[in-house]
Amino acid sequence: MDSVQALITQIQGLSSSAGDVSRLHSNLKQAEETIFSESARLFSALDQLDPSIHSLGYLYILEACSSGPLTKERAAALVLPISRFINACAVEQIRLAPEKFISVCKRFKDQVMLLEAPMRGVAPLLTAIRKLQTSSEHLTPLHPEFLLLCLLAKCYKTGLSVLHDDISEVDQPRDLFLYCYYGGMICIGQKRFSKALELLHNVVTAPMSTMNAIAVEAYKKYILVSLIHHGQFSTSLPKYTSSVAQRNLKNFCQPYIELANSYGTGKITELQTYVQTNKEKFESDNNLGLVEQVLASMYKRNIQRLTQTYLTLSLEDIANTVQLSSAKEAEMHVLQMIQDGEIYATINQKDGMVRFLEDPEQYKTCEMIEHIDSAIQRIMALSNKLTGW
């Protein structure tokens, strides 16, 4: 019996019990050189194995087959077998060699990207994360890979499914930086600006001994999202932010800080001029879309300021005050803001007057009480975990 068939027979014979799988694991470690040298023949023999039963052996072979230079031809041949393996493999077996499982999944991500089909990798990588995780609080090295594919495939809602977890276990700091950065971008794509700010804030304030590019890019987006969501931005960072970030971040993001300063004046013309002057810079950073949202949000902020001064105001006056082109455009802005819950107002279509109202929320409905209770429970759970550490 040649070495390939002997290995396949061994995998088939030692995959039934925990003790057998443990023995198989030791044998596979010793046979790694053979597995890599015979990877082409072993790949052809994979149809003799069941990925749900012979998961550990299957994993060793797949890792060997997917190593080496990546070509479109090679990627096309491997994507389907790896996808099927991820879906079928037994958790208790792949967790014996987590570094190999991570390696195969990362190469799988590279393959679908090379094939320009990121959508094909989204569902399998989500499955891989759940199989690798020891708990929902565990951040695996596959989280950033999954979120990147979600971004490229524009599967923002699927990406959100891993962003609801409270992460407390991290294998590598870089994974946390990328998880929060990509997660922030996904939340921006879904216009969940509050969650986006939370994630980007985590990148900017995370411990770091040297300045890193992820934190710089996160800070740029943090400034823009702060302006869109809050209508303001403060350059002062929390005390727990690393001294490296405190000293250097602003130097790398000067055009964005100047944009925030221009925004703070409330003068739309000045802001438009600044954006136009620095358009190339924002475009090269892939932030022009967000900058345009910042511009659009200034109209909203200026309308919100009017609610603090006036009880009623005509659409014509609103248009003139906030520098919109017509009363009709002002009406569209006001209606959208009412719908989004950003202001409380009624419009009299007959005379074109807007009446600004008080916030109707009394914080006493069942839904609001449940929401507050849920937030308190989450904070208490986090507090208990911190106390335990």
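Computed from a predicted model, the values in this text were never measured in an experiment. (Residues numbered from 1 in each chain as written. Predicted model: local features only at pLDDT ≥ 70, side-chain atom pairs only at ≥ 80, totals over all residues. Heavy atoms only, no water.)

**Q** With reference to specific residues and values, describe the sheet that holds strand β3 (residues 312–314).
**A** Pairing is antiparallel in the open sheet, where three strands are placed in the order β3-β5-β4. The two strands at the open ends of the sheet, each matched to only one other strand, are β3 and β4 (345–348). Looking at each pair of strands side by side, their axes are set apart by 20° on average, direction ignored. The pairing of β3 with strand β5 (residues 353–356) spans three bridges and is classified as antiparallel. Bridge pairing in β5 links T312 to R355. (Pairing = 2+ DSSP bridges. Helix = DSSP H or I, 4+ residues; strand = E, 2+ residues; numbered from the N terminus. Axes fitted to C-alpha atoms, helices over the stretch in contact; angles between N-to-C directions.)

**Q** Go over the side chain of H25 with me, naming the residues and quoting the values.
**A** Here H25 is to be found in helix α2 (residues 18–30). Among the residues examined, H25 registers a relative accessible area of 11% and is labelled buried. Not counting the four nearest positions on each side in its chain, H25 is found in contact with L56, Y60, L96 and A97. (Buried < 20%, exposed > 50% of the residue type's maximum accessible area, 1.4 Å probe, protein only. Contact = heavy atoms within 4.5 Å.)

**Q** A description of the packing of helix α9 (residues 119–132) against helix α10 (residues 142–153) should follow, citing residues and the corresponding values.
**A** Close contact between α9 and α10 brings their axes to 9 Å; oriented N to C, the two are set at 155°. In terms of orientation, α9 lies roughly antiparallel with respect to α10. Handedness of the crossing formed by α9 with α10: left-handed. In this structure, α9 uses M119, G121, V122, L125, L126, A128, I129 and L132 to contact α10, whose residues at the interface are L142, H143, E145, F146, L149, C150 and A153. (Parallel < 35°, antiparallel > 145°, perpendicular 65-115°, else oblique. Left-handed = near helix turned anticlockwise from the far one by under 90°.)

**Q** Now, about the pattern of salt bridges: what can you tell me, with residues and values included?
**A** Applying the stated criterion across every chain yields a total of 15 salt bridges. For D165, the salt bridge identified is with R130, shortest N-O distance 3.5 Å. One end of the pair, D165, is in the loop between α11 (156–160) and β2 (169–170); the other, R130, is in helix α9, with 35 residues separating them in the sequence. Residues participating in the shared-partner salt-bridge network are E217, K220, K281 and D285. (Salt bridge = Lys/Arg side-chain N within 4 Å of Asp/Glu carboxyl O.)

**Q** Tell me about a nonpolar patch on the surface, and name the residues and values.
**A** Among the surface-exposed residues, Y363, I372, I376 and M380 lie close enough to one another that they form a single nonpolar patch of about 390 Å² accessible area. Within the fold, I372 resides in helix α22 (residues 366–388). (Patch = residues over 30% accessible without salt bridge, like charges linked within 9 Å, V, L, I, M, F, W, Y side chains within 5 Å. Areas by Shrake-Rupley, 256 points an atom, 1.4 Å probe, with all protein chains shown as cover.)

**Q** Talk me through the domain arrangement of the chain; I want residue IDs and the actual numbers.
**A** If you check the domain split of the chain, you get domain 1 (310–358) and domain 2 (363–388). For domain 1 versus domain 2, the distance between C-alpha centres works out to 37 Å. (Domains from an automatic or database assignment.)

**Q** Please provide a residue-by-residue account of the environment of R355, values included.
**A** Mapped onto the elements, R355 comes out in strand β5. C-alpha separation for the pair R355 and S26, spaced 329 residues apart in sequence, amounts to 76 Å. Aside from chain neighbours lying at most four places away, what touches R355 is L311, T312, Y344, A345 and T346.

**Q** So what's going on with helix α5 (residues 55–66)? Residues and values would help.
**A** Here α5 spans 16 Å end to end across twelve residues, near enough to the 16 Å set by a 1.5 Å rise per residue. Of all twelve residues making up α5, twelve are buried, and the element is well covered by its neighbours. Listed in full, the buried residues belonging to α5 are S55, L56, G57, Y58, L59, Y60, I61, L62, E63, A64, C65 and S66. Among the residues trailing α5, G68 stands out with phi positive, at a value near 90°. (Expected span 1.5 Å × (residues − 1).)

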